[in-house]
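Residue-level listing of the chains:
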Amino acid sequence: MKKSLILIFRVLIGIILIAKTSNWFLNYSEETNVIINVAMFTLIGIAYLVGGFNWNKKPNNIIFVVCGLYLVGMNFIADFGLKSIIGVICILVPMFIARFSPEETGERELSEN
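Figured I'd write up the structure that's included with this text.

About the criteria used
- Residues numbered from 1 in each chain as written.
- Predicted model: local features only at pLDDT ≥ 70, side-chain atom pairs only at ≥ 80, totals over all residues.
- Heavy atoms only, no water.
- Phe/Tyr/Trp six-rings, centres within 6.5 Å; stacked < 30°, edge-to-face > 60°.
- Helix = DSSP H or I, 4+ residues; strand = E, 2+ residues; numbered from the N terminus.
- Buried < 20%, exposed > 50% of the residue type's maximum accessible area, 1.4 Å probe, protein only.
- Patch = residues over 30% accessible without salt bridge, like charges linked within 9 Å, V, L, I, M, F, W, Y side chains within 5 Å.
- Areas by Shrake-Rupley, 256 points an atom, 1.4 Å probe, with all protein chains shown as cover.
- Salt bridge = Lys/Arg side-chain N within 4 Å of Asp/Glu carboxyl O.
- Core = buried A, V, L, I, M, F, W, Y, C linked by side-chain atoms within 4.5 Å.
- Disulfide = S-S within 2.5 Å.
- Axes fitted to C-alpha atoms, helices over the stretch in contact; angles between N-to-C directions.
- Left-handed = near helix turned anticlockwise from the far one by under 90°.
- Contact = heavy atoms within 4.5 Å.
- Nonpolar A, V, L, I, M, F, W, Y, C, P; charged D, E, K, R; others polar.
- 1 Å grid on protein atoms, 1.4 Å probe; cavity = no way out; pocket = protein on both sides within 12 Å on 5 of 7 lines; lining within 4 Å.
- Points joined across faces, edges and corners; volume = space filled by probe spheres on them.

**Quick look at the packing of aromatic side chains**
In this structure the tally under the stated criterion is 3 aromatic pairs. The interplanar angle of 75° and the centroid separation of 5.8 Å between the aromatic rings of Tyr48 and Phe64 together place this pair among those described as edge-to-face. Separated by 16 residues along the polypeptide, Tyr48 in helix α2 (residues 30-51) and Phe64 in helix α3 (residues 58-73) bring together distant segments of the chain. You can call Phe64 buried: its relative accessible area is 5%. Consider the rings of Phe96 and Phe100, whose centres lie 6.2 Å apart with planes at 20°: the pair is stacked. Taken together, the residues Phe96 and Phe100, both in helix α4 (residues 83-100) and 4 residues apart, mark about one turn of the helix.

Structure, rendered in structure tokens:
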């Protein structure tokens, strides 16, 4: 079950990557770009939500889960001034934590399964 969910997630990420890249050449309509962006941020948010449970430190768990929830939720709330800035912060902060954290996150265990 876990392997099939990971495979589905990877296929969805691949489809979004192809859609974002093909937009450079095919110039999709604004509505299509909005749908692609919603799907992209939702998938990133889901990845952060799931990744939040791989850490041994409670603050890292909380940061990942909050950032994931915001990235999923920001697609469904109205625009406000700081929405994009908070979104960028919510994308970058977990990446910096994962990059500079000296602690093992269980990635080997996930990749071996």
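Let us keep going from here.
**What about a nonpolar patch on the surface?**
Together, Met1, Leu5, Leu7, Ile8, Val11, Leu12 and Ile15 line one region of the surface with nonpolar side chains, adding up to about 720 Å² of accessible area. Assignment of secondary structure puts Leu5 in helix α1 (residues 2-26).

**Considering the nonpolar core**
Core analysis: the biggest nonpolar cluster contains 11 residues, these being Phe41, Tyr48, Trp55, Phe64, Cys67, Tyr70, Leu71, Met74, Cys90, Ile91 and Ile97. For this core, the secondary-structure elements that each account for two or more residues are α2, α3 and α4. Here this core gets 4 residues from one element, more than from any other, and that element is α3.

**With respect to the state of the cysteines**
Taken as a whole, this structure holds 0 disulfides when the rule is applied. The thiol of Cys90 is not disulfide-bonded; the next cysteine sulfur, from Cys67, is found 3.8 Å away.

**Structural notes on the packing of α1 against α2**
Between α1 and α2, the least distance of the axes is 10 Å, while the angle of their chain directions is 145°. Here α1 runs over α2; the crossing is left-handed. Contacts between α1 and α2 involve Phe9, Leu12, Ile13, Ile16, Ala19, Lys20 and Asn23 from the former and Asn33, Ile36, Asn37, Ala39, Met40, Leu43, Ile46 and Ala47 from the latter. Residues of the contact of α1 with α2, tallied by class, amount to 11 nonpolar, 3 polar and 1 charged.

**Overview of the layout of surface pockets**
Approximately 200 Å³ is the volume found for the second largest pocket. Lining the second largest pocket, in full, are Val34, Asn37, Val38, Phe41, Met74, Asn75, Asp79, Lys83 and Ser84. Looking at the lining of the second largest pocket, the elements with two or more residues in it are α2 and α4. Take the lining of the second largest pocket: its biggest share by element is 4 residues, from α2. Residues that form the lining of the second largest pocket fall into these classes: 4 nonpolar, 3 polar and 2 charged.

**Quick word on the packing of α3 against α4**
The geometry of α3 relative to α4 is characterised by a closest axis approach of 9 Å and an angle of 145° between their N-to-C directions. Two packed elements cross with a definite hand, and for α3 against α4 that hand is left-handed. Judged by residue contacts, Asn60, Ile63, Phe64, Cys67, Tyr70 and Leu71 of α3 engage Lys83, Ile86, Gly87, Cys90, Ile91, Val93, Pro94, Ile97 and Ala98 from α4. Looking at the contact of α3 with α4 residue by residue, the classes come out as 12 nonpolar, 2 polar and 1 charged.

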